[in-house]
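Descriptive analysis of the structure
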Protein chains: 2
Amino acid sequence: MPVQHPRPRQNKRRPRGPRWRRLPEERPRQILDAAFDAFREKGLAHARLDDIARRAGVSKGTIYLYFPNKEELFGAVIRHLVAENIDAERESHAGPASAELRAYAGRIWAFLRSPNFEAVYRLTIAELHTLPALSRFFAQEIALRSMRGIARIVQRGISEGEFGAADPDDAARMLYALLVKHGVWCNQEVRNLLLPGLDDDTVFDHVMTFCLDALRPAAASTPLARHRSARR
Amino acid sequence: MPVQHPRPRQNKRRPRGPRWRRLPEERPRQILDAAFDAFREKGLAHARLDDIARRAGVSKGTIYLYFPNKEELFGAVIRHLVAENIDAERESHAGPASAELRAYAGRIWAFLRSPNFEAVYRLTIAELHTLPALSRFFAQEIALRSMRGIARIVQRGISEGEFGAADPDDAARMLYALLVKHGVWCNQEVRNLLLPGLDDDTVFDHVMTFCLDALRPAAASTPLARHRSARR
DNA sequence: TATATTACTGACTGGTCGGTCATTTATGAA
DNA sequence: TTCATAAATGACCGACCAGTCAGTAATATA
């Protein structure tokens, strides 16, 4: 909880405690949180450092004790948010690959639909040109990581005959692309134009159904085919 | 070709012709082109009107004769670019639906891969928050238009039995999502990370194959079984 | 040619805001 | 209690730049 500056008081007495506290351990976090709020609302260019300082309950100078400049602060905000959203890879080999795939994709979907993702995505895209390092970080830590996870499951499905022949990396890219794009659409103001009357779960369901249809084994060659899971 | 301002000359003689021409018909176009270049390179916030004026071969004041302010100029740039890329809907009902679908998607792909699209997309996303009207325009004129075209073809494929039962609007969304996301990836600096060693045509081919696989009719054993769709 | 009209110019202004730093305050150790 | 030092403040600076407008140049018209 940031220390509030005392408001100018009617009577002249100073308020009880100190005017501010030394909290070197907590400042970075406070500033990052405040900065994210400001960037989310205004974007990098229009967010004001004075505003960020006010939201964080510190003075502008304090920001510069912890971050060298606005751009670095922005980068730190993004990295911080991404890092805290990367959860450990949970493995769960049991059951049909389609079920594992659905569960895995579901976790990606939850991430894509989490409140912060929309802003992180928008802010990052907007600054890709200015901050190429961020782009690389994003691609590595989010996209590639997710796609590798998907590909592993698809690979299992193929070798166990549940899925038809396909390139697992291709398939992973497809599923991931569908998830991200639909996630973004869900967040847009024009959502109702693009996804009329569909709620999050339904959208996810459609994506999964489409992908599992694409991964179905070819009809003739595999008689015990179409193992496709029951949909929840 | 914009009229160049005469450089300061060593000898005092005035250059031959007039210092500038009145070209009220051509100014808007010149300014839009110059502005797009500037915005593409620097983004809305960092592009300088003095720079745009210089590139257009006019003075800053002239810009304000044709556009009320920077933001409106930005909007006009985007609308101008989108408008000139919307080509007339060409119909071509001949042949199998899969071929027509491939051709139609190919035109969308060509648009997505055209040199200007990357910049338009990035700039628009970045300003969605600030300029919601632009977002709506974009969704209507690009996304929805394309999806309707796809859905029409998918519908034909379904009724002719070439595709299995599916919701044409869903399928259109899927194909369109895959095209856009892959188009964006192709444009990114990290392309080689995400699409290692794949050229544009190959990427397109993978997308089409995946979608056509998903649209395959169900195996003969269960003729009408898979009739999901019709949710809403 | 003279005059009116329109297109255009570019120096200027006023407000904005990232970044600085001399000063003040908190805090822990002596 | 005193002192040393780290932490924090906030007034200030100056670069920046969108937008203005008085003036000038080109062209149309008489």
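Refer to the structure printed above.
A few points on the structure. All values reported here derive from a predicted model rather than from experimental measurement.

Taken together, the 51 residues of chain B in the interface contact 51 residues of chain A. Note on chain B versus chain A: buried area summed over both sides is about 4700 Å², and carbon and sulfur give 66% of it. Interface area lost by chain B to chain A is led by R173(B), M174(B) and F210(B), which between them contribute 14%. Put simply, chain B and chain A have zero salt bridges between them. Inspection of the chain B/chain A interface yields 15 residue pairs in polar contact (both at pLDDT 80 or more). For the side of chain B that touches chain A, the secondary structure elements donating two or more residues are α1 (27-46), α6 (115-127), α7 (132-159), α8 (168-187), α9 (191-194) and α10 (200-215) of chain B.

What follows covers the layout of surface pockets. Taken as a whole, the largest pocket holds about 400 Å³ of empty space. Taken together, 26 residues make up the lining of the largest pocket; nearest its centre are A126(A), E127(A), A45(B), A126(B) and E127(B). Sorting the residues of the lining of the largest pocket by element identifies α1 (27-46) and α6 (115-127) of chain A together with α1 and α6 of chain B as the ones contributing at least two each. Examining the composition of the lining of the largest pocket, we find that seven residues originate from one element, α1(B), more than from any other. A per-class count over the lining of the largest pocket returns nine nonpolar, eight polar and nine charged.

All names here are of chain B. Two numbers describe how helix α4 (residues 70-85) lies on α6: the axes approach to 11 Å, and their chain directions differ by 140°. Classed by the angle they form, the pair α4 and α6 counts as oblique. Where α4 crosses over α6, the handedness of that crossing is left-handed. Side by side, α4 and α6 meet where F74, I78, L81, V82 and E84 of the first sit next to N116, V120, L123, T124 and E127 of the second. Of the residues belonging to the contact of α4 with α6, the class tally is six nonpolar, two polar and two charged.

This paragraph deals with the protein's contact with DNA strand C. Neighbouring DNA strand C are 25 residues; R48(A), K60(A), R22(B), T62(B) and Y66(B) lie closest to it. When the atoms of DNA strand C within 4 Å of the protein are sorted by group, sugar and phosphate make up 64%. Here a phosphate oxygen of DNA strand C sits 3.0 Å away from a polar atom, N or O, in the main chain of L49(A). Counting only elements with at least two residues in the surface near DNA strand C, the list comes to α3 (60-66) of chain A together with α3 (60-66) of chain B. Considering every element that reaches the surface near DNA strand C, the biggest residue donor is α3(B), with four residues. Of the residues that constitute the surface near DNA strand C, the class distribution is 11 nonpolar, five polar and nine charged.

Okay, the environment of R79(B) next. Residues and elements named next belong to chain B. Mapped onto the elements, R79 comes out in helix α4. For the pair formed by R79 and L134, sequence separation is 55 residues and the distance between their alpha carbons is 8.2 Å. Filtering out sequence-adjacent residues up to four positions away, R79 remains in contact with E72, L134 and F137.

Cut-off values and rules
Residues numbered from 1 in each chain as written. Chains lettered and ligands numbered in written order. Predicted model: local features only at pLDDT ≥ 70, side-chain atom pairs only at ≥ 80, totals over all residues. Heavy atoms only, no water. Contact = heavy atoms within 4.5 Å. Buried area = accessible area lost by both parts, 1.4 Å probe. Salt bridge = Lys/Arg side-chain N within 4 Å of Asp/Glu carboxyl O. Polar contact = N/O pair within 3.5 Å; in protein donor to acceptor, adjacent residues only side chain to side chain. Helix = DSSP H or I, 4+ residues; strand = E, 2+ residues; numbered from the N terminus. 1 Å grid on protein atoms, 1.4 Å probe; cavity = no way out; pocket = protein on both sides within 12 Å on 5 of 7 lines; lining within 4 Å. Points joined across faces, edges and corners; volume = space filled by probe spheres on them. Nonpolar A, V, L, I, M, F, W, Y, C, P; charged D, E, K, R; others polar. Axes fitted to C-alpha atoms, helices over the stretch in contact; angles between N-to-C directions. Parallel < 35°, antiparallel > 145°, perpendicular 65-115°, else oblique. Left-handed = near helix turned anticlockwise from the far one by under 90°. Near = heavy atom within 4 Å.

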